[in-house]
There are 2 protein chains.
Amino acid sequence: MTTPEGQRGVAAEAGGRRRPPTAQQFVLEELRRAITTGRLRPGDPIRQEALAEELDVSRVPLREALKTLQGEGLVTYQAHRGYFVERLSLGDLREVYLIRELLEAEAVRRAAGRIGDEALRAAERAQAEVEEAAAAGDVLAMAEANRRFHMTILEASGLPRMVRMIRTLWDSTDAYRSVYYGEPANRERVIEEHRAALDLLRRRDAEGAVRVLAAHRAHAVTAIEAVLPGAPQA
Amino acid sequence: MTTPEGQRGVAAEAGGRRRPPTAQQFVLEELRRAITTGRLRPGDPIRQEALAEELDVSRVPLREALKTLQGEGLVTYQAHRGYFVERLSLGDLREVYLIRELLEAEAVRRAAGRIGDEALRAAERAQAEVEEAAAAGDVLAMAEANRRFHMTILEASGLPRMVRMIRTLWDSTDAYRSVYYGEPANRERVIEEHRAALDLLRRRDAEGAVRVLAAHRAHAVTAIEAVLPGAPQA
DNA sequence: GCATCGGATATTGGATCCAATATTGATTAT
DNA sequence: ATAATCAATATTGGATCCAATATCCGATGC
């Protein structure tokens, strides 16, 4: 970060976002984006020097950001060989969804009994954004709003550590999720299911909400499985 | 790591262990040990320069190790303020055990149906070490053997990611677990419960094993809760 | 006396340089 | 031709130095 503005590359589409206060956070965001958008694809080795130069930072904050991503399961690491974008096998994907099932069921169950009006309204707002993005066909915006929708609900569980773990699991499959939203039929279904879940939450029907959201996940995982074998092509 | 042998401090009791191939891994091990043994106590700030000097490494590998520990929840981090040993509230502790309950129940259930003879024998060996350490009153050795016992069983689940998460959760409460083993009555109970679990696993009684191990955890958490308020005193 | 401001100090964040290890490719013996 | 060896190169690991930020503490005004 010797110069205020770097050149354009991985960091190119950094539209109107303002830069985080530390290089490390900046790099973290850019790396996440690069992975979730497919700019860096599963299995790709991460060359530190090239990437550091592209982002216009030194290798030090880059390496720390990579350690964070390693902890989140987005990249793997081999001593003296470097970091690689995690390549999820079909088994890995199923395992991630199984874990999410176990954790989210409990979180949603608790959230249903505790969620307040503000949180419900926040979820409704997120849902409105989901529908908006879906109508516009903006897959990325939809994924982001969708994430907000679910996280808002989960946070009502009062289990912050659990939510953090779920969020991490969620992120680890980001690279594979966009394919799901690409399909218009799936976008429709997501909207329907969200509406049903909101309805059940408003009525404090915990088990109903758990059931609907479990089905919601199941749909996603089967759809992703269908296209998985091999990395998601660019 | 300019000199082969550093001075004595956090790294002092590095008995007969051989040094890992990279400074970062070495630091990671030492930090974990320092936290679990109480050499670094919950809430303590981690001064990088002092610690780096004590371990005879530069701050670079230390910072990367701290990032790893941050991901595992053993330390917290605030930009420009540094790292602190995580201080678990009572609520946090309960949450960790709740998550473990959800994940381990499923893992044990699967493990019971899949565990092979070698894994069973490995668990039995670990259990023998647990009993040995308990008899000798060696709390640290007991904690380590105990960990091997449980991990051996969990690994039979065929869910490596889940096991990794459980291991991380396990580690995050290390600082508080030693108090449990300190009590001879608890040591006795642990041994009994392990034997019962092994027996049920041999008979492929999944639900029985799940039940016994759930009770096993419940005992531990209530015992730890009793002494928790405030950090575990040195 | 108390709060506020400002500078000195401590501590973390980042850049650069050097060392250690792995990878690659040419060379040679079989 | 093929496999093994070894040097050249690429890449990561680590140390040191400098910059940026926060913290601490005394001075100053009310």
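Residues numbered from 1 in each chain as written. Chains lettered and ligands numbered in written order. Predicted model: local features only at pLDDT ≥ 70, side-chain atom pairs only at ≥ 80, totals over all residues. Heavy atoms only, no water.

Participant: Can you break down the overall build of chain A residue by residue, with the values?
Facilitator: On a plain count of helices and strands, chain A comes out with 10 helices and three strands. From first element to last, N terminus to C terminus, chain A shows the α and β order α-β-α-α-β-β-α-α-α-α-α-α-α. For chain A, the share of sequence-separated contacts (at least 6 apart) that also reach a separation of at least 24 residues comes to 69%. Put simply, chain A shows about 10,900 Å² of open surface, and 51% of that area lies on carbon and sulfur atoms. (Helix = DSSP H or I, 4+ residues; strand = E, 2+ residues; numbered from the N terminus. Contact = heavy atoms within 4.5 Å. Areas by Shrake-Rupley, 256 points an atom, 1.4 Å probe, with all protein chains shown as cover.)

Participant: I'd like to hear about the environment of R63 of chain B, residue by residue, with values.
Facilitator: Secondary-structure assignment places R63 of chain B in helix α3 (residues 59–72). Residue class for R63 of chain B comes out partly exposed when judged on its relative accessible area of 23%. In sequence terms R63 of chain B and G82 of chain B are 19 residues apart; their C-alpha atoms lie 9.8 Å from each other. Residues in contact with R63 of chain B, not counting those within four places in the same chain, are V60 and E64 of chain A together with Q48 and Y83 of chain B. (Buried < 20%, exposed > 50% of the residue type's maximum accessible area, 1.4 Å probe, protein only.)

Participant: Residues and numbers for the interface of chain B and chain A, please.
Facilitator: Between chain B and chain A, the contact holds 30 residues from the first and 30 residues from the second. Together, the buried faces of chain B and chain A total about 2,700 Å²; carbon and sulfur atoms form 61% of this surface. Per-residue buried area on chain B facing chain A is highest for K67, E95 and R161 of chain B; these three make up 25% of the total on that side. Here chain B and chain A share six salt bridges between them. Note that E64 of chain A is salt-bridged to R63 of chain B, the shortest N-O span being 2.9 Å. At the boundary of chain B and chain A, one finds 10 residue pairs in polar contact (both at pLDDT 80 or more). (Buried area = accessible area lost by both parts, 1.4 Å probe. Salt bridge = Lys/Arg side-chain N within 4 Å of Asp/Glu carboxyl O. Polar contact = N/O pair within 3.5 Å; in protein donor to acceptor, adjacent residues only side chain to side chain.)

Participant: Let's hear about the packing of helix α1 (residues 23–36) of chain A against helix α3 (residues 59–71) of chain A: which residues, and what values?
Facilitator: All names here are of chain A. At a closest axis distance of 8 Å, the pairing of α1 and α3 adopts a crossing angle of 55 degrees. In terms of their interaxial angle, α1 and α3 are classed as oblique. Seen along the crossing, α1 lies across α3 with a hand that is right-handed. Contacts between α1 and α3 involve A23, Q24, V27, L28, L31 and R32 from the former and P61, L62, E64, A65, L66, T68 and L69 from the latter. Residue composition of the contact of α1 with α3, grouped by class: nine nonpolar, two polar and two charged. (Axes fitted to C-alpha atoms, helices over the stretch in contact; angles between N-to-C directions. Parallel < 35°, antiparallel > 145°, perpendicular 65-115°, else oblique. Left-handed = near helix turned anticlockwise from the far one by under 90°. Nonpolar A, V, L, I, M, F, W, Y, C, P; charged D, E, K, R; others polar.)

Participant: Summarise the sheet that holds strand β2 (residues 75–78) of chain A; cite the residues concerned and give the values.
Facilitator: Residues and elements named next belong to chain A. Sheet architecture is open: three strands sit in the order β1-β3-β2, paired in antiparallel fashion. Because the sheet does not close on itself, it has two edges, and the strands there are β1 (45–46) and β2. As judged from the two bridges shared by β1 and strand β3 (residues 82–85), these two strands associate in the antiparallel manner. Residue pairing across strands places P45 opposite F84, the latter belonging to β3. (Pairing = 2+ DSSP bridges.)

Participant: If you had to explain the pattern of salt bridges to someone new, which residues and values would you point to?
Facilitator: Applying the stated criterion across every chain, the model contains 40 salt bridges over all chains. Across the salt bridge formed by D199 of chain B and R203 of chain B, the nearest N and O atoms sit 3.1 Å from each other. Here the salt bridges share partners, and the residues they tie into one network are R100, E101, E104 and R217 of chain A.

Participant: I'd like a description of the side chain of T68 of chain A, backed by residues and values.
Facilitator: Relative to the assigned elements, T68 of chain A resides in helix α3. Not counting residues within four places of it along the chain, the set of residues in contact with T68 of chain A comprises L28 of chain A together with K67 of chain B.

Participant: Can you tell me about the relation of the copies chain B and chain A, naming the residues and giving the values?
Facilitator: Mapping chain B onto chain A is achieved by rotating through 180 degrees and translating by 0.0 Å along the same axis, at an RMSD of 0.1 Å. What the superposition gives is, in effect, a two-fold axis relating one chain to the other. Interface overlap between copies: 100% of the residues of chain B at the interface are likewise at the interface in chain A, consistent with a symmetric, same-surface contact. (Least-squares fit on C-alpha atoms with pLDDT ≥ 70 in both.)

Participant: Tell me about the packing of helix α5 (residues 117–136) of chain A against helix α6 (residues 139–155) of chain A, residues and numbers included.
Facilitator: Residue and element names in this part refer to chain A. The geometry of α5 relative to α6 is characterised by a closest axis approach of 8 Å and an angle of 165 degrees between their N-to-C directions. As far as their axial angle goes, α6 and α5 are roughly antiparallel. Crossing angle aside, the handedness with which α5 passes α6 is left-handed. Contact with α5, carried on its side by A119, A122, A123, A126, Q127, E129, V130, A133 and A134, involves A141, M142, A145, N146, R148, F149, T152 and I153 of α6 and no other residues of that element.

Participant: Help me get a handle on the environment of L213 of chain B, residues and values and all.
Facilitator: Tracing the backbone through its elements, the reader meets L213 of chain B in helix α10 (residues 206–227). Taking the C-alpha atoms as reference points, L213 of chain B and E101 of chain B, separated by 112 residues in sequence, lie 9.1 Å from one another.

Participant: Requested: an account of the pairing of β2 of chain A, with residues and values cited.
Facilitator: Residue and element names in this part refer to chain A. In terms of strand pairing, β2 meets β3 through four bridges, oriented antiparallel. Bridge pairing in β3 places Q78 opposite G82. Between β2 and β3, which pair antiparallel one after the other, the connecting turn spans three residues, and H80 there sits at a positive phi close to 70 degrees.

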